[in-house]
Structures are given as C-alpha cells and as structure tokens.
2 protein chains.
Amino acid sequence: MDIEYGKTLYVDLSRRTSWVETLPEDVVRRFIGGSGVAAWLFSTMASQGGAAAGELSPFDPANPLIFAVGPLCGTSAPTSGRHEVAALSPLTGIYAESDVGGAWGSSFRATGFDFLVIKAAADRPSALVIGPEGARIEDAAAIWGADSFETSDHYGAKYPGSETACIGPAGENLAPIACIVHDGRDARMAGRCGLGAVMGSKKLKAVVAAPGPGPRRPRRIHNPEAFAASAREMARKNPVNAEGMAKFGTAGSLGAFYDAGDVPVKNWLLGAAALDIPGISGQRMAETGLLEKRFFCTMCPIGCGRVIRLSDGRLGGGPEYETICLFGTNCMIDNMETICLANEKANRLGLDSISAGSAVGFLMEAYERNEIRGQDLSGVEPLWGSSQALLRLLDLMAAREGIGDILCQGVAKASQRIGSPEYAIHVKGLELPAHDPRAFNSTGLSYATANRGACHLQSLSYNFERRLTLPEKGFDLPQDRFGTERKAELVVATQNFMSLMDSLKLCKFAIGGGTSATTALSWLNLATGWDMDLDEFFLAGERIYNLKRLYNTRRGISRKDDTLPGRILKEIKGGGAKDNLPPDLDASLDEYYVLRGWTSDGIPGAEKLAQLGLQGL
Amino acid sequence: MDIEYGKTLYVDLSRRTSWVETLPEDVVRRFIGGSGVAAWLFSTMASQGGAAAGELSPFDPANPLIFAVGPLCGTSAPTSGRHEVAALSPLTGIYAESDVGGAWGSSFRATGFDFLVIKAAADRPSALVIGPEGARIEDAAAIWGADSFETSDHYGAKYPGSETACIGPAGENLAPIACIVHDGRDARMAGRCGLGAVMGSKKLKAVVAAPGPGPRRPRRIHNPEAFAASAREMARKNPVNAEGMAKFGTAGSLGAFYDAGDVPVKNWLLGAAALDIPGISGQRMAETGLLEKRFFCTMCPIGCGRVIRLSDGRLGGGPEYETICLFGTNCMIDNMETICLANEKANRLGLDSISAGSAVGFLMEAYERNEIRGQDLSGVEPLWGSSQALLRLLDLMAAREGIGDILCQGVAKASQRIGSPEYAIHVKGLELPAHDPRAFNSTGLSYATANRGACHLQSLSYNFERRLTLPEKGFDLPQDRFGTERKAELVVATQNFMSLMDSLKLCKFAIGGGTSATTALSWLNLATGWDMDLDEFFLAGERIYNLKRLYNTRRGISRKDDTLPGRILKEIKGGGAKDNLPPDLDASLDEYYVLRGWTSDGIPGAEKLAQLGLQGL
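Residues numbered from 1 in each chain as written. Chains lettered and ligands numbered in written order. Predicted model: local features only at pLDDT ≥ 70, side-chain atom pairs only at ≥ 80, totals over all residues. Heavy atoms only, no water.

Student: Explain the overall build of chain A here, please?
Tutor: Helix and strand content of chain A: 24 helices and 17 strands. Principal-axis analysis of the C-alpha atoms places the extent of chain A at approximately 65 × 55 × 55 Å. When contacts within chain A are restricted to residue pairs at least 6 apart in sequence, long-range pairs at least 24 apart make up 69% of them. Approximately 19700 Å² of chain A is accessible, and the part contributed by carbon and sulfur atoms is 51%. (Helix = DSSP H or I, 4+ residues; strand = E, 2+ residues; numbered from the N terminus. Contact = heavy atoms within 4.5 Å. Areas by Shrake-Rupley, 256 points an atom, 1.4 Å probe, with all protein chains shown as cover.)

Printed below as a string of structure tokens:
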C-alpha cells in the first residue's frame, strides 16, 4: 500500500536547519494521524526512557512543538480541515495537546506536509514560513510585541494566500495559559495547556503556512468515487442535523446547558443565579444582529463559528459557549458587550479563555473571602460581575504583571500563592471547561482521567448522556445523565472514540449529523485502501489514549492525580443539576482502571501495553 | 428682662455691607434659638406672603443663608456648642436646615454674635471673616478650587484661633448634595439638604469665625450658680450613660441596629446579607487601633467623634454610623479601609455622605437591573460592593461630571433620568438616613412628616422605641418598636421635643444621659431668668415645627408629599426587621394631622396658627 500521508517537516530553530522525513505507514495505521501520531512523535522524541521523560521541562528547547493534520485533510470529507498542536505543557507539566479548526491546517497541508516538528529554540524573535519548498526561518523582531491580529495581518499581507499560527503578548511573555492563535481575527485557537508559551519559549512569533497562490492539489484518495459520494452525503446531512449550531453557534446551547445545571456559575459554586442567560446566548447574538455572518472551518458544512463586528470596526470571531461561560456566568457577568470585548482581548493577547476566565473567577472568590489584600491586586477590584476587572486582568495576565503574573500560572499554582486550593477548580492543573460533573454523571470520571487534565473534549461523554449514541460500542441510546450504570464503560468507549476523531482530525460536532465511528472508519479505509475493521479502529483509539497516559505516568501521574476538585465532588449546587453529585469517584476509578487494563494505581499494565504494542515507548 | 442672646450679623455679599440687629426677646422666647429662630429669620425674609415663598429659587441670591447658635452656647451646659445652618434647599426645593457640632459655633459666638444672615451673592470667590468688630469680605480666588481640608488649613493659619466653615469643590460646583464643612479634618458637617451649594451659589468659599486669641468671655447667665451646678451634674452623668458612645462612637451601634433590621442593605432591599458587619463597626475601629483618639465638640463630655489616621498621614475624622451604612452596607461594601477613604474623600470634597451613598446605591441597583448603559457610566462600573465605583463616583459627583452630574442631584431627580423612581429611596427629595421604617414603627410617619424630608433627627422617635423615654409627654417607658399604639402621638411629641433640642442647640445623644426636656428647660430658665413652664416650652417646640411646615406648604408641600418610598412601605426585607412593614401610612397621617391641628390635606389649620401665633407668617 502507498498512502499519501505522513510527510514530516522537522525544523531545528537553534541550528536553523530543516529536513523532511516520511512516517512509516505502519505508524499511521497504528496511530491514525493528528492527535495520535503527534503523541507518537512527541513520545519518541521526549520520552526516551522514563528518566528523560521526567527531566524535560516545558521551556527547555528540547521540548518539541508539533503541528499535525489528519489523514483526511485535503479531501472532501466534511470537517476534515482541523489540526493538532502538541508539546509538553508549561501549565500542567504533562503532555499537552490542542485541537484546532480554521484554515491553517489545510493551508499547511497544501504545502505538501502533514506534520511539522519544531525542535530547539531560536536565539531571537523569529517566524517560520512553510512553503512547498520547505521551511524558512525569518527574523521577527519587527513584529515581536504585536498582538495576534496584527501579526496575522502582517504575514497575511506579506504572504498572500497564507495562514498564520502565531502568539500574542501572552505567549511571548511565557504566560502558562497562553494559546496559539490561527486565522487572525477569526481566532481559531490551540487554546488549552499553554502551547503559546512553548512557542514563546522558542522565540517563535509565527508559523506561516504559505502554500502559494493557485489551486491546491487534493489529497490522493484510494477510492475517490466512493469517498466523494460518502463525503457529499454527509455534508448534506450535517447541516440539517446541526441547524441549531449553524444558526446560533456553540452559544446556542447555553440556555439548555444552564437549565441542566451544567454551566459554571460563580466559580462553580452555584447551579443558578440572577443572571440574564438569554442575553448572552447565541440566540440573542442572532436576533440582535450582533451576528454578522458565520465562520466555516475548511471543509465544514456546519459553520458554527460566529463572526461579529469587533471593536476596531472590522469583522472577527464572536465568543463561543465556553468563553461565554468562563468569562460570563463563572464570573457572574451577563453582559454580552463585555463578553465580546473580553473574547476579542483574549484573542488578541493570545490567552486561553477557559483558563483565563477560570483564573478570574478564582480571584473573585478569593477577594470575596477577603483572602487577598488590596495592595496585592494591582489596582483591580475583582468583584463578582466586574467587567472592568475581567478586562483588566486579561491585560495583566498576558503582561504577567502584578496579580496577573500569579493568575496566568493557572488556578492550581495561583492557589498556592493566593486564596486557597479549596476553590481552585482544575484537574491536573488544567482548569475545568464549562460542563459540570454534577450535571452529567459521566463527566467527573471523564475529567479525572482525561490525559491533558480537565477536558470535556477527550470523551465528550456528557453528550452521550444527552443526544449522542455510540452503537459501535453498545450505546444504542443516549444514557441517563443522573444514572450510574455503565458510566466507566461509556467514558472508556468515548475516550477511545474521541482519540480517533482527534487523530482523523474530524470535528466532534459532526457526530450528531452522522459522522459516526463507522463513517469515519469508512473514510479512512476509502482514502488509504486499508481494510481496517471496527475492532482494529477502536484498538487504535485505545492505543492512542494509552500512549499519552503512558507518557504522563513517566511524569509522575497516577491514581492520586485522577481526581476532581472537592467543590465538584462534594458541594450540592442546586439549579438544574438539582442535588446531584458525581458518582463515587474511587469506585468509578476502580471500574475504569479494570476496563482500561491499568493497575489499581492507574498505570497501564504490561499486558495492556503488549496488546497495544506500546512496549518500549 | 435682658437676655444676652439674639445679636444678629447681617451681611450683604452683593453690596459688600454688613449690619447688626438684635432680635426682640419675644422672638427668642417664642422660637427659643438655633433651629427655631433660624426658621423665623428665614420665613420673615423669604416668605413675604405665599407668592414670594413659591418664587424664590435655591440659587437665587435672595435665598438667605443663616448660621445660628443656641441660647446656651458659651455656657457650661454640656453639648451646648452646636449650631444650625438654614436656607432654601437646592436638593429638595423646600426649607433646609442642618444641625452641626464641632467648634465653629462656639467660636462664632465668641465673636459676640449669635446669628449670621448672609444675603445676596458675591460676584467673585469670596470669604467672610467674622470677628468682634463684625464682618469682612475677603477675596478667595486663591483658595477657590481647594478641598475643604486645604481651605480650613489656609484660614486656620491666616487667623489663629479661628474656625472655618467652608465648602469643597462640590459646593463650588453647585452639586445639590454638597455640604458645609466645619473643623477641617475633623469634619463636622452641615451635611443635609445641599447647603454647601447655596454657599457656592453665593461664591462664598468660607465663613471664618475669628474671635481672636485670648480667653473667651462666657455668656451672661441669669442664675450662674444653679446653672453651673446643674451643668456639672449633667456633664458627670452623661459620659457614664454614654460609655458605649465614648468608646465606640456612633458606629458602635452598627451591630445592634443591624441585628434589629434597621440598617439599609443593598439600597434598602435586604434586611441582612453576607457582609462583615463587625469588621466595619466602631468596636473594630477601637480594637484594631484605627481609632487614634476621640473628638469632642465644644462643651461635650461624651466625645463620640472618631479621630483616625487619614490617608495623608495626619489625624482627622473617622466615619460615623450613617456614613458606614450608606457608603457601606447600602452599597454592599464591608471594607473598613474603603469606608474610611470614602468618608475622607466626601469630607474633602464637601459631599453629604448620606445622600451621596444613597445615590451610589441607587446607581448600583440601576446597573444591576440593566437600566443604565455602559456609555452613560463615565467609565465607572457600579457593581454592588465596588470600592472603586464608590470612590470614583464621589469625585464625579463633586465635579458634576458625567454620571456624577446626574447623581449629585439626589436620587429623586436622578431617577427621572436614569433607573426608575421605584427604587429611589427618599422623602420629599431627601435621601433616607440609615434607619429603616420597617424596623421601628414610628420611623415611617416620622420620615413622612419631617420638615426637611426623610430625617431621623427631627424626631429621633425610633430611639424612643428602643431606650429613651419622654415622661413629660407621657412616654414613661420605651415603646414597642413593632407595636401600633400611640405612634402618631409619639412622633408629634418627639418632633416637638427635637425642635426644642435643635433650637437650644443641645445634642440629642445627651438625652439618654439625663438631658431631658425638663433639664433643658431648666437651663433655659436659669440662663434667661424666665419662668417658662413645660407647656409653654413644648408649645414653642410645636410652633417651631409648624413654622417650617407652614413655609413648606407655601412651596407646595401637602399630604401628597408626606409619603414613603414604595419599597419601604410594601417590601418585606427579612433580617432583624422580620416581616414587619410600617403601619398603614394613610391611617397614621389621619391621626397625625388631627393631633397636629392640620387639615386632612396636611396644611396647618387657622386655629392652630392662631394658637401658635403664626398668623401672617
């Protein structure tokens, strides 16, 4: 077999050299692509035995920064334009990965490469320009200090038809919650885990994917007719099933999730409050004309992205569900204008809105509890609901000034300096996204065991307690969110499934429209000519999940870290979550580890590693 | 008889002349002094028939500004050093009066005058210096724009042994909630009704009482031995009975009033909230060493004034109970540092802390209700509990800039521009002080009928439902605060009694220590040689009360204005006030008007006017 996937561009920023390698097809078949292959690349470089894995530090030049598209990127498969960014996280100290939409991935792929591995560090502000001829390292002193929109404009003008991945001031200043910004004002983010700070530590302002003008050659497909027919069918189906997502974006679900008690309110203390929820919803954006148009990632038929009028009068990305929750309800802010401004500011500065909003909520609680004094607040008055505090703290976090330097370390580290760990809402150092384990019973176990720390996307299991099914794994109907049966099984199954989606680099919002595991596998087989069956496919998902866990165990992760904040475990919050608390976590972990084939301490067992072919990694 | 009281200095700022008249003893016997005689002086000048009374406007040069001490000022009677300021109010449009402590009154009296009547207006910034030789008008251009502390320092240095009454920027800018500041940093205020703006409208920066150095001749007393013996006895008695007031100041009662549900919380919405009440109490001031020493008004044995370290490192007045409630609990602020800073700022700027705090609370509610937009807020974020908003709004109110120009008109007028009159908490345009009609059943009727608008001091009736008695009027025991019997009778009796205290210029805090109506009358008789009995004394009190009402009816006041905010009348607030609401106000007014001899529309009847000798006024 001869698949067109796996061309990898290596760049050494220190030696200012680059070279190309092509991945063995076997690696792709075993790790699929995107997230899976990025983890394999990272592991082979960073984890040369247990000792080295533990020694690498996030801002060490040896920390490899990896960009990866999926094996369907450059095909007509709906939502196939996404990409992955990975490295060791400066926020959590464990494996970091972030899944990104937009147009950067497909532009990068159009240069002829599928993977970019950035090694070492530049000695001065630099940009990396990737074209069909390979990589060129440019001086970026002139644009160092600029925000992400300006940076994107700069390289967009310089390289017509290019797309830019870049950092804002937050990344330059090594703020551990800095993200990597793609698509300029439309702001598609490698948001979580502080990957922007890794880029900053390499003095790398931008990675410009510049395939040049003209038509882009599509990826070679093994069975193009069948592939195109299936892709067409799914592209038709998806917009119909995702009509709400198209009309109202991710923020269209705010009301429903709020009613379910799933939304964080007042740093996760409350299940409901006197907040104008409709006023900050996707529906309101559409009704009031705030929504100017939709943003579509490459090959996306849904278009959930919101395009609004930014403060400079130009069009750009509007706030997503997660941003509205963490900047909004979590800080008791229900002002749409504030949330839009904060969203734009975070985008320009290059800050992860989930972690940043969570840090602000944490500070507001510390302030309310009188656990932080006036002189330590850099002139900010972090009252619940304060738009000014939110906006000012974003600046301070990106600049790492005063209180901002503490908050930008994330709530886990911040809570060792100010306030108290009691209400620092994170898992493994990553702040919780806006879905509450008290509202969906699978979410707690899902967060506790997610490889990058508290993450809803590594299983999306709450959506399988709501609307989605996974018939390939015996979940023929949506599960009962307050039930306790089969939760560990659901989490394992959905984590493995999402590992596959993240490796194929397909969008999870397409699942409800019919992009099932079976469909995704069929595309992979049609594209590659393989005859992979569902067992092999899910085994690959399991392998990918285990590979990341294996690396993390070498960083010290074990059962003790598979936990949830005390507030989430023990405090009833009312609202639509009623009096529900997550199922007993210890019992859930016992069940989960058995299903995973991990020891009772949460370490992948030798038998499991052998079954997955991960020995020696 | 030949009493030493009534020497009146008239100044015409426009014609730059002054002259002296002595009041007929008959006027003093009928109106006692201070508040009563000031009202008589005002009425005779401003109320030449109904038409003229209605035509005068507060910033009209013809609006006379009157300073008055009492007939016991310059004697050894405890707490006899107070004075009164009166004019037509720019805040309420009706008669304004304010009772002041400190040392200005006794210094003014030491110049040989008992009354100062300032007529017309200067054409440029001026100061009035009063000495034994009379009045001198000085240019004040150099000090115009200075804050009240600087102004006081300036004249204090220029005229050794003098005391200054002055305005800050708020008064200069004609903010209708501006006050007149006495005693510099110790800040004894003619706080209510906007008298500082009247002074500003006359371009009068300061009135300096400069009796010159050397011993001050005491007031001539008819029966000096008996007077001195009684005064000595009362001076000994008062500190014992007011031990809490001495140790903890007015703010020492915060906890007790809060527990009683008497304290405004969140613009009078709540009876209790998660606020650190002990943290902003007078007890805390004492325990933490914030309290440096006590401030004593002239001839006061109690010393309830708090002296703290101000932000410039110098000593000066700390916040009173009213200030702590209106700047603090009413705005959901429970930070002592903030309250001290706001208190100092209001003092420097010359703003009434009750009206100013009330305006801030009103804005905070309007903001929470989304009834005011971001662009109208002058960059302020008026969140509940915001120290920054409070402090910034004080500046804006004094400068009459942006939102501050609206708020400094008081909540009644502000609510016609922003927010809604529904939660503008005032009576007749004067903001409620920090005692809640839902906690003490006499308070509502007392506020509704107080001559200057919502005022607790014109009856102090809630304290007669708590600790005080008025045996001279048959109230031998403190009344039941939640009872309904004899409330109108109590309000009439205490209003008349307080009219007497305000006219004698004795402090109401001395009542609990034995300065009863009987004692006060005995001092008046011993000083003057009169043989006034309690009936005549209380009739004088009634006369004084009616005179002010009479003037106000000429300004359009009638039953329709004798009301309370809907929130106070109808909304249960919980906390220590439990589910109590004020007794039916219409029924109370009916009873009150009958007791007063007023018509059912609240107009003093002809028979009553004849009985009081107020015909033709």
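Student: Is there a simple way to explain the pattern of salt bridges in this structure?
Tutor: Two side chains that carry opposite charge are able to pair once their charged atoms sit near each other. Overall, the coordinates contain 90 salt bridges over all chains when judged by the stated rule. Between Arg109(A) and Glu4(A) there is a salt bridge, and its shortest N-O distance comes to 2.9 Å. Of the two residues, Arg109(A) is situated in helix H4 (residues 104-110) and Glu4(A) in the segment before strand E1 (7-12); the sequence distance between them amounts to 105 residues. Each member of the pair, Arg109(A) together with Glu4(A), is buried. The partner of Lys505(B) in a salt bridge is Asp99(B), and the shortest N-O contact between them spans 2.5 Å. Of the two residues, Lys505(B) is situated in the loop between helix H19 (487-504) and helix H20 (517-528) and Asp99(B) in strand E5 (residues 95-100); the sequence distance between them amounts to 406 residues. (Salt bridge = Lys/Arg side-chain N within 4 Å of Asp/Glu carboxyl O. Buried < 20%, exposed > 50% of the residue type's maximum accessible area, 1.4 Å probe, protein only.)

Student: I would appreciate a short explanation of the pairing of strand E3 (residues 65-69) of chain B in the present structure.
Tutor: Every regular strand shows the same layout, with side chains that alternate between the two sheet faces. Residues and elements named next belong to chain B. Burial within E3 is extensive, with five of its five residues counted as buried. Burial along E3 is two-sided: Leu65, Phe67 and Val69 and Ile66 and Ala68, pointing in opposite directions, are all buried. Here E3 runs beside strand E6 (residues 115-119); their pairing, made up of four bridges, is antiparallel. Residue Leu65 lies in a different strand from E6, and its bridge partner there is Ile118. Judged from the four bridges that link them, E3 and strand E4 (residues 83-88) form a sheet pairing that is antiparallel. Residue pairing across strands places Ala68 opposite Glu84, the latter belonging to E4. (Pairing = 2+ DSSP bridges.)

Student: I would appreciate a short explanation of the interface of chain A and chain B in the present structure.
Tutor: Reports often express the size of an interface as the amount of accessible area lost when the parts come together. With 10 residues of chain A in contact, the opposing surface of chain B contributes 11 residues. Of the roughly 840 Å² buried between chain A and chain B, counting both surfaces, carbon and sulfur atoms make up 29%. Area buried by chain A at its contact with chain B is led by Glu381(A), Leu383(A) and Gln388(A), which between them contribute 54% of it. Summed over the shared surface of chain A and chain B, the number is zero salt bridges. Seen at the junction of chain A and chain B, the total is eight residue pairs in polar contact (both at pLDDT 80 or more). Within the side of chain A that touches chain B, the residues separate by chemical class into four nonpolar, five polar and one charged. (Buried area = accessible area lost by both parts, 1.4 Å probe. Polar contact = N/O pair within 3.5 Å; in protein donor to acceptor, adjacent residues only side chain to side chain. Nonpolar A, V, L, I, M, F, W, Y, C, P; charged D, E, K, R; others polar.)

Student: When you look at unusual backbone geometry in this model, what are you seeing that I'm missing?
Tutor: With a phi close to 60 degrees, Arg486(A) is a non-glycine residue in the positive phi region. The class of Arg486(A) is partly exposed, set by a relative accessible area of 30%.

Student: What is the right way to read the relation of the copies chain A and chain B from this model?
Tutor: The second copy of the chain is related to the first by a rotation about an axis and a shift along the axis. The two copies are related by a screw operation: chain A maps onto chain B through 179 degrees of rotation and 0.0 Å of translation along the axis, at an RMSD of 0.0 Å. The operation mapping one copy onto its partner corresponds to a two-fold rotation axis. Every residue of chain A has its C-alpha some distance from the rotation axis, and the shortest such distance is that of Leu383(A), at 3.7 Å. Mapped onto chain B, 100% of the interface residues of chain A again fall at the interface, so both copies present the same surface. (Least-squares fit on C-alpha atoms with pLDDT ≥ 70 in both.)

Student: What is the right way to look at helix H12 (residues 321-328) of chain A in this model?
Tutor: In an α-helix there are 3.6 residues to a turn, and that puts residues three or four apart on one side. All names here are of chain A. For H12, the buried fraction is high: eight of the eight residues fall into the buried class. Residues of H12 that are buried include every one of Tyr321, Glu322, Thr323, Ile324, Cys325, Leu326, Phe327 and Gly328, and no others. Among the structural elements, helix H10 (254-259), helix H11 (282-287), helix H13 (336-349), helix H14 (353-368) and helix H15 (387-399) are those in contact with the buried residues of H12.

Student: For this particular structure, what's the right way to read the confidence of the model for chain A?
Tutor: Detailed reading of the predicted coordinates is not advisable wherever pLDDT is low. Confidence along chain A averages 96 in pLDDT terms, with 99% of residues attaining 70 or more. Interface confidence for the predicted complex, given as ipTM, is 0.77, next to a pTM of 0.87. (pLDDT = per-residue confidence, 0-100.)

Student: I'm lost on the packing of helix H2 (residues 34-46) of chain B against helix H21 (residues 534-554) of chain B in this one. Help?
Tutor: Each pair of packed helices gets described by two things: the angle between the helix axes and the distance between those axes. Residue and element names in this part refer to chain B. Interaxial distance between H2 and H21 falls to 9 Å at its minimum, and their mutual angle equals 30 degrees. For the element pair H2 / H21, the angle class is roughly parallel. Along this stretch, H2 crosses H21, giving a crossing that reads as left-handed. Listed contacts from H21 to Ser35, Gly36, Ala39, Trp40, Phe42, Ser43 and Ala46 of H2 are Ile544, Leu547, Lys548 and Tyr551. In terms of residue class, the contact of H2 with H21 is made up of seven nonpolar, three polar and one charged. (Axes fitted to C-alpha atoms, helices over the stretch in contact; angles between N-to-C directions. Parallel < 35°, antiparallel > 145°, perpendicular 65-115°, else oblique. Left-handed = near helix turned anticlockwise from the far one by under 90°.)

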